[in-house]
Amino acid sequence: MTPEQLLATMPFAVHTGVQLTSATPAETVGTLDWSEHRTTAGPGMHGGAVMTLADSVGAVCAFLNLPPGAGTSTTSSSTVFTRGVRKGTVTATARPLHVGRSTIAVQVEVRDDEGRLVAQVTQSQAVLAG
């Protein structure tokens, strides 16, 4: 599947503006533009928007590491926010930490336009038999 086809399977991600730029089992990358309607009090991008990007990109990475016919569902997600975003685009890069028979763990780094770390997310995904 192309990045566009993978993204199309997640209507919420599409609705919120997430874009996938590349998607392989080893690394999945996506972006989200700063926009006033994605902010919290003040001009900072809302943490939920950052998490939507990270969760979406992480889910695609996990999906691409599944055995044939299996599905996946996030079972846990831990986020550390390191800086705010007040303009530009954030980029999320997801890489598998562990690919097993029953779980997949993915690490997602979210960075701003200057390459500074905005958030680090570690997700666990259940492997659901198909």
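These numbers come from a predicted model, not from an experiment.

A.B. asks: Sorry if this is basic, but what is going on with the sheet that holds strand β6 (residues 117–128) here?
C.D. replies: For sheets, the rule is that strands pair by backbone hydrogen bonds, running either parallel or antiparallel. Across the sheet, which stays open at both edges, the six strands sit in the order β1-β2-β4-β5-β6-β3 with antiparallel pairing between neighbours. One side of each edge strand has no neighbouring strand; the edge strands of this open sheet are β1 (19–23) and β3 (71–81). Neighbour-to-neighbour, the strand axes of this sheet turn through a mean angle of 20 degrees, independent of strand direction.

A.B. asks: Explain the pattern of salt bridges here, please?
C.D. replies: It is possible for side chains of opposite charge to pair when their charged atoms get near one another. Applying the stated rule across the entire model yields four salt bridges. The residue Arg116 makes a salt bridge to Asp112 at a minimum N-O spacing of 2.8 Å. The exposure class assigned to Arg116 is partly exposed, which follows from its relative accessible area of 34%. Residues joined by salt bridges that share partners form a network here, namely Asp112, Glu114 and Arg116.

A.B. asks: Looking at this structure, I do not really get the pairing of strand β2 (residues 28–33). What am I missing?
C.D. replies: As a general feature of sheets, a regular strand has side chains that alternate between the two faces. Burial within β2 is extensive, with five of its six residues counted as buried. Relative to β2, β1 runs antiparallel, the two being bridged by four bridges. Of the residues in β2, the one forming a bridge with Ser22 is Val29. Counted along the chain from β1 to the antiparallel partner β2, the turn is four residues long.

A.B. asks: Got a minute to help me understand the side chain of Asn65 in this structure?
C.D. replies: By secondary structure assignment, the location of Asn65 is in the loop between α3 (47–64) and β3. A residue is classified by how much of its surface remains accessible, and Asn65, at 18% relative accessible area, is buried. Side-chain polar atoms of Asn65 contact the backbone oxygen of Pro25, separated by 2.8 Å. Residues contacting Asn65, with those up to four places away along its chain left out, are Pro25, Pro96, Val99 and Ile104.

A.B. asks: Looking at this structure, I do not really get the pairing of β6. What am I missing?
C.D. replies: Where β3 lies against β6, ten bridges are found, and the strand directions are antiparallel. Note that in β6 the partner of Phe81 across the bridge is Ala119. The pairing of strand β5 (residues 103–111) with β6 spans nine bridges and is classified as antiparallel. Looking at β6, one finds that Ile104 is bridged to Gln125. With antiparallel pairing between neighbouring strands as the criterion, β5 and β6 make up a hairpin whose turn holds five residues, including Gly115 at a positive phi of roughly 80 degrees.

Calculation rules
Residues numbered from 1 in each chain as written. Predicted model: local features only at pLDDT ≥ 70, side-chain atom pairs only at ≥ 80, totals over all residues. Heavy atoms only, no water. Pairing = 2+ DSSP bridges. Helix = DSSP H or I, 4+ residues; strand = E, 2+ residues; numbered from the N terminus. Axes fitted to C-alpha atoms, helices over the stretch in contact; angles between N-to-C directions. Salt bridge = Lys/Arg side-chain N within 4 Å of Asp/Glu carboxyl O. Buried < 20%, exposed > 50% of the residue type's maximum accessible area, 1.4 Å probe, protein only. Polar contact = N/O pair within 3.5 Å; in protein donor to acceptor, adjacent residues only side chain to side chain. Contact = heavy atoms within 4.5 Å.

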